[in-house]
Structure formats: C-alpha cells, structure tokens
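Architecture and fold: a report
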Amino acid sequence: MTQLKILCDTVLKQQPLQSSKLSDDQKQLVKAGTLFNIQAYAPSSDHVKVTLLDQSPQGKNTWYVYQKHAAIVDKNDVIFHRPLS
C-alpha cells in the first residue's frame, strides 16, 4: 500500500503556500511519524499533492505537504522524497 510518511512535525495544506498565509480551516498540523494511506500523489512545485485513501482531516481528503517534510513509501520502500539540504 502506498503511504505518505510525515518525517517531521509539519502542516497539511489546502494550497501549496506558506502555512502562515492560510486560514486555520485550510491547514492541519501533523506530527512526525504519522502515516496516511494514499490513493494518489503528484509533485507540485516544492510540495506534494496527495489524495488520502481512508482518512480525511477536517473532512477533506486532498492536501499538499512540503516535499522535504514527507516521503511517499510503498511497502516500506521510499518511492518519492526530497531530503532536507
């Protein structure tokens, strides 16, 4: 199963913008180590757009996450990640 793995405390966002520019209903804090099952993902500038499979924070299943704060994994193999530099 393909999953989004959160590598450090970060924010899921409704738009690929700085979280400080978004209202509270457009962002969701997530803790390091959180795993989300995902249906689809696509790189979007310095973010990854993900469609969550069986979880929907705030009733929404499509979110953006900063690429360097997360990895896409499949059966524990990393298939997409942009490491912190």
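First, a word on scope: everything that follows refers to the structure included in this document. All chains use their own residue numbering, which begins from 1 and follows the written sequence. Local features in this predicted model are restricted to residues of pLDDT 70 or higher, and side-chain atom pairs are both shown and tallied only at a pLDDT of 80 or more, whereas totals for entire chains, interfaces and linings draw on every residue. To obtain the side-chain values, all non-hydrogen atoms of the structure were included, while hydrogens and water were left out.

**What to know about the nonpolar core**
Counting 14 residues, the largest nonpolar core has Leu4, Ile6, Leu12, Phe36, Val50, Val65 and Ile72 as the members making the most contacts within it. Of all the secondary structure elements, the ones that give two or more residues to this core are β1 (2-6), β4 (35-44), β5 (47-52), β6 (62-66) and β7 (70-74). By residue number, the principal contributor to this core is β5, which donates three residues. Setting aside residues up to four positions removed in sequence, Leu12 forms contacts with Leu4, Gln26, Lys27, Gln28, Val30, Phe36, Pro57, Trp63, Tyr64 and Val65. For this analysis, a nonpolar core means a set of buried residues of the types Ala, Val, Leu, Ile, Met, Phe, Trp, Tyr and Cys, connected via side-chain atoms within 4.5 Å. Partly exposed describes any residue whose relative accessible area lies between the buried limit of under 20% and the exposed limit of over 50%, with all areas from a 1.4 Å probe on protein chains only and scaled to the type maximum. The helix and strand labels rest on DSSP assignments: H or I over at least four residues marks a helix, E over at least two residues marks a strand, and numbering proceeds from the N terminus. It only takes one pair of heavy atoms within 4.5 Å for two residues to be counted as in contact.

**A few points about the environment of Ala71**
Checked against the element boundaries, Ala71 lands in strand β7. For the pair Ala71 and Lys49, spaced 22 residues apart in sequence, the C-alpha separation works out to 12 Å. Those residues in contact with Ala71 that lie beyond four places of it in its chain are Gln3, Leu4, Lys5, Leu7, Val78, Phe80 and His81.

**As for the pattern of salt bridges**
The salt bridge definition used is simple: a Lys or Arg side-chain nitrogen within 4 Å of an Asp or Glu carboxyl oxygen. Counted according to the given criterion, the structure contains one salt bridge. Across the pair Lys31 and Asp9 runs a salt bridge, and its minimum N-O distance is 3.9 Å. Of this pair, Lys31 sits in the loop between β3 (27-30) and β4 while Asp9 is found in the loop between β1 and β2 (10-13), placing the two residues 22 residues apart along the sequence. Of the residues examined, Asp9 reaches a relative accessible area of 45% and is grouped as partly exposed.

**Section: the environment of Lys60**
Relative to the elements of secondary structure, Lys60 occurs in the loop between β5 and β6. A residue is classified by how much of its surface remains accessible, and Lys60, at 24% relative accessible area, is partly exposed. Put simply, Lys60 and Met1 are 59 residues apart on the chain and 20 Å apart in space, counted from C-alpha to C-alpha. The residues contacting Lys60, other than those within four sequence positions of it, are Gln14, Asp25 and Gln55. Polar side-chain contacts of Lys60 include one of 2.4 Å to the backbone oxygen of Asp25. Polar contacts, as used here, are pairs of N or O atoms within 3.5 Å; protein pairs need one atom able to donate a hydrogen and one able to accept it. Residues neighboring in sequence count only if both atoms are side-chain atoms.

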